[in-house]
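Next come the chains, spelled out residue by residue.
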Protein chains: 2
Amino acid sequence: MTVLETQGFLPHIAFDSVIFGFSKGKLKILLMEYHDTGWLALPGGFVGKNEDLDEAAKRGLKERTGLDNIYLEQFYTFGNLSRFKPEVMQTIIAANGFNLNPDHWMLDRFISVSYFALIDFEKVILTPDELSDSIAWYEIENLPDLILDHSAIVAKALQTLRENLERKLIGGNLLPERFTMNELQQVYEAIFGQKLRRTTFQRKMLGLDILERHEKLYTGKSHKAPYLYSFRKV
Amino acid sequence: MTVLETQGFLPHIAFDSVIFGFSKGKLKILLMEYHDTGWLALPGGFVGKNEDLDEAAKRGLKERTGLDNIYLEQFYTFGNLSRFKPEVMQTIIAANGFNLNPDHWMLDRFISVSYFALIDFEKVILTPDELSDSIAWYEIENLPDLILDHSAIVAKALQTLRENLERKLIGGNLLPERFTMNELQQVYEAIFGQKLRRTTFQRKMLGLDILERHEKLYTGKSHKAPYLYSFRKV
DNA sequence: GTTCTATTGTTACATATTGAGACAATAATA
DNA sequence: TATTATTGTCTCAATATGTAACAATAGAAC
């Protein structure tokens, strides 16, 4: 049974997720490409009638990335009338070979409760949903056009991430368990979109007393080997 | 036609507003008391089928306080299953003399998109809604029990307000157009829940270059008269 | 082995910000 | 005119941050 045929979801309510990853010095997000149309959109889904809103977002994340236990934060709910464009959804569904009644629940107006997630790029196993050809990483600095208001959703997610980073440090969720100080700095630079001073960054991070220092990392490069760090467990 | 009889709202979607005011050195919010039950709740409402989500929240604010052009910010959407308690709404509606079918849309599961507002205490004209006996101010430090998860909604609103205050200054929205430095400091103290140092506060506020200094305020008290300030227009 | 290169961890010092108190100014009262 | 309460400003100490210098070191070149 496809999502189109089920009756098990709350009407008018969707969720969308801005899933951040970090690789090769770049901050990236996951986008899905719908069949034929070539349209790009954030991964999202619907809320089961017997499901917590947060659970729905976690389920969606698990389905697309295979990941559990992820940093996931709700940041805004988009509910403008202007995001109601039934012809967009109709086209996407038609490209998948379905022809829905105009009063089908999926063609109705939706508000989108939006979440952002921070994940370890290396750990994902990407799986498109039933309406999509692909799911893939796109650099945040160079995003293509997205359907509906999804570009605005990404912008707000990035703004929220920046504000959060200044208050409560969550940058580490984008890295593997152990990382070098330089890698951590690159994450911060990618999120803030600007270079940071190496010595100040190192002093501040160490001063926060949230990092644990481990063995050195010998990469084979001809210079001093950096220490590996992990975030201290609470 | 009462809200109960209309079909013009989106099902499953409500909004609730934490409306902050400041008076006599205390931070307060507006609560409504339902007929007979004595139950207290945040002012809220539903979203019209042809209405932006934000517009709905503004409309609700206008209906209860008479105020337009208000600082209003969406901060979270509550969507746990545990907030679905049809018997609560049923009881409230029954106390108003109605007897709804169990499948009436108002008895269904709702998610609540929550907003907080900052208003000038002096300017409100309070108006209860059709299910309530009263709407009134309650001190944030000494709140009674609220229905459903409304206490959690208030807690999250206060947390968001505190975080915002550190980043972008919005404390002035709780004061009249012109105010003394001491009044502004009291607002900040009420929001943060702690005393601040007078001289440091004054220096920081003046240094931010967002205040305009006006004439002095002669209160009749036997001491130096403070200047009045207003927030600089952008 | 010795020298060289790139990068790292740490220190030193200047500059900026904040904490804490002192002090002069002043509006009304006694 | 002296007194009281509060305000606006200044001073100095304590912290935090910006900036550069420097020693340590892993591997490559010789």
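Since this is a predicted model, take the numbers as computed values, not measurements. (Residues numbered from 1 in each chain as written. Chains lettered and ligands numbered in written order. Predicted model: local features only at pLDDT ≥ 70, side-chain atom pairs only at ≥ 80, totals over all residues. Heavy atoms only, no water.)

J.: When you look at the relation of the copies chain A and chain B in this model, what are you seeing that I'm missing?
T.: Both copies of the chain are related by one operation, a rotation about an axis with a shift along it. Least-squares fitting of chain A to chain B yields an RMSD of 0.0 Å, with the superposition described by an axial translation of 0.0 Å and a rotation of 180°. This pairing of chains is accounted for by a two-fold axis. (Least-squares fit on C-alpha atoms with pLDDT ≥ 70 in both.)

J.: What is the right way to read the sheet that holds strand S8 (residues 179–180) of chain B from this model?
T.: Strands belonging to one sheet form pairs held by backbone hydrogen bonds; the direction of such a pair is parallel or antiparallel. All names here are of chain B. With antiparallel pairing, 3 strands are arranged side by side in an open sheet as S8-S10-S9. Each edge of the open sheet is held by one strand with a lone partner, namely S8 and strand S9 (211–216). As paired elements, S9 and strand S10 (residues 227–231) share 4 bridges and run antiparallel to each other. The residue of S10 that forms the bridge with lysine 216 is tyrosine 227. (Pairing = 2+ DSSP bridges. Helix = DSSP H or I, 4+ residues; strand = E, 2+ residues; numbered from the N terminus.)

J.: What is the right way to read the domain arrangement of chain A from this model?
T.: Accessible area lost upon the coming together of the parts is a frequently used measure of interface size. Residue and element names in this part refer to chain A. Domain annotation for chain A reports domain 1 (9–171) and domain 2 (176–231). Each side of the interface is counted separately: domain 1 has 11 residues, and domain 2 has 12 residues. Taken together, the two surfaces of domain 1 and domain 2 that pack against each other cover about 1100 Å², and 75% of this comes from carbon and sulfur. The largest contributions to the domain 1 side of the interface with domain 2 come from Phe22, Leu165 and Leu169, which together make up 43% of the buried area. Between domain 1 and domain 2 we count 0 salt bridges in total. For the pair domain 1 and domain 2, the number of links is 1 residue pair in polar contact (both at pLDDT 80 or more). (Domains from an automatic or database assignment. Contact = heavy atoms within 4.5 Å. Buried area = accessible area lost by both parts, 1.4 Å probe. Salt bridge = Lys/Arg side-chain N within 4 Å of Asp/Glu carboxyl O. Polar contact = N/O pair within 3.5 Å; in protein donor to acceptor, adjacent residues only side chain to side chain.)

J.: Any chance you could explain the interface of chain A and chain B here in plain terms?
T.: The interface is formed by 25 residues belonging to chain A together with 25 residues belonging to chain B. Looking only at chain A, the three residues that lose the most surface to chain B are A:Gln74, A:Arg109 and A:Arg167, adding up to 23% of its buried area. Between B:Glu163 and A:Arg167 there is a salt bridge whose closest N-O contact spans 3.2 Å. Counting the contacts that link chain A with chain B gives 13 residue pairs in polar contact (both at pLDDT 80 or more). Taken together, the elements giving at least two residues each to the side of chain A that touches chain B come down to strand S1 (9–23), strand S4 (44–48), helix H1 (53–65), strand S5 (71–78), strand S6 (111–118) and helix H3 (150–167) of chain A. For the side of chain A that touches chain B, the leading source of residues is S1(A), giving 4 residues. Its residues placed into classes, the side of chain A that touches chain B shows 9 nonpolar, 8 polar and 8 charged. (Nonpolar A, V, L, I, M, F, W, Y, C, P; charged D, E, K, R; others polar.)

J.: Please explain the protein's contact with DNA strand D as it appears in this structure.
T.: In the vicinity of DNA strand D, 25 residues are found, and the nearest of them are A:Thr200, A:Arg203, A:Ser222, A:His223 and B:His223. Of all DNA strand D atoms lying within 4 Å of any protein atom, the proportion belonging to sugar or phosphate reaches 52%. Measuring from a phosphate oxygen of DNA strand D, one finds a side-chain N or O atom of B:Gln202 at 3.3 Å. One of the backbone nitrogen or oxygen atoms of B:Ser222 is found 3.1 Å away from a base oxygen of DNA strand D. Elements with a minimum of two residues in the surface near DNA strand D: helix H5 (198–207) of chain A together with helix H5 (198–207) of chain B. A total of 5 residues in the surface near DNA strand D trace back to one element, the largest contributor, which is H5(B). Across the surface near DNA strand D, the residue classes break down as 5 nonpolar, 10 polar and 10 charged. (Near = heavy atom within 4 Å.)

J.: Is there a simple way to think about unusual backbone geometry in this case?
T.: Across the chain, the bulk of peptide bonds are trans and the bulk of non-glycine residues have phi less than zero. For A:Leu148, which is not glycine, the phi torsion reads 50° and is therefore positive. A:Leu148 gets classed as partly exposed once you look at its relative accessible area, which sits at 35%. A positive phi angle, close to 55°, is found at B:Asn69, a residue other than glycine. Mapping B:Asn69 onto the fold places it in the loop between helix H1 (53–65) and strand S5 (71–78). Using a relative accessible area of 82% as the deciding quantity, one classes B:Asn69 as exposed. (Buried < 20%, exposed > 50% of the residue type's maximum accessible area, 1.4 Å probe, protein only.)

J.: Help me out: how do you make sense of the pairing of strand S2 (residues 26–34) of chain A in this one?
T.: Residues and elements named next belong to chain A. Taken across its 9 residues, S2 has 7 buried, putting it largely inside the fold. Pairing between S1 and S2: 4 bridges, direction antiparallel. Residue pairing in the sheet places phenylalanine 20 in a bridge with isoleucine 29 of S2. Linking two consecutive strands that pair antiparallel, namely S1 and S2, is a turn of 2 residues; a positive phi of about 50° is found at lysine 24 within it. The pairing of S2 with strand S7 (residues 132–139) spans 7 bridges and is antiparallel. In the strand pairing of S7, lysine 28 is matched with glutamate 139. Strand direction decides the pairing type here: S2 and strand S3 (residues 40–41), joined by 2 bridges, are antiparallel. If you follow glutamate 33 over to S3, its bridge partner there is leucine 40.

J.: Help me out: how do you make sense of helix H4 (residues 181–192) of chain B in this one?
T.: All names here are of chain B. Compared with the 16 Å implied by 1.5 Å per residue over 12 residues, the 17 Å span of H4 between its first and last C-alpha is a close match. Here H4 has its buried residues at Met181, Leu184, Gln185, Val187, Tyr188, Glu189, Ala190 and Ile191. Phi turns positive one or two residues past the end of H4, at glycine 193, with a value near 70°. (Expected span 1.5 Å × (residues − 1).)

J.: Explain the pairing of S10(B) to me, please; I cannot follow it from the model alone.
T.: A regular strand places its side chains so that they alternate between the two faces of the sheet. Where S8(B) lies against S10(B), 2 bridges are found, and the strand directions are antiparallel. Directly across from B:Phe179, in S10(B), lies its bridge partner B:Tyr229.

J.: Looking at this structure, I do not really get the side chain of A:Thr180. What am I missing?
T.: Summarising the element assignment, A:Thr180 is placed in strand S8 (residues 179–180). Aside from chain neighbours lying at most four places away, what touches A:Thr180 is A:Leu217, A:Pro226, A:Tyr227, A:Leu228 and A:Tyr229.

J.: Help me out: how do you make sense of the packing of aromatic side chains in this one?
T.: Two aromatic rings are characterised by how far apart their centres lie and by the angle between their planes. Residues and elements named next belong to chain B. On inspection of all chains with the given rule, the structure shows 26 aromatic pairs over all chains. Between tyrosine 71 and phenylalanine 116 the ring centres are 6.3 Å apart and the planes differ by 35°, which places this aromatic pair in the tilted class. Of this pair, tyrosine 71 sits in strand S5 while phenylalanine 116 sits in strand S6 (residues 111–118), and the two are 45 residues apart along the sequence. Ring centres of tyrosine 188 and phenylalanine 192 lie 6.4 Å apart, and the angle between their planes is 50°; this geometry places the pair in the tilted category. Remark: phenylalanine 192 and tyrosine 188 occur in helix H4; sequence separation between them is 4 residues, near one turn of the helix. Judged by relative accessible area, tyrosine 188 falls into the buried class, the value being 4%. (Phe/Tyr/Trp six-rings, centres within 6.5 Å; stacked < 30°, edge-to-face > 60°.)

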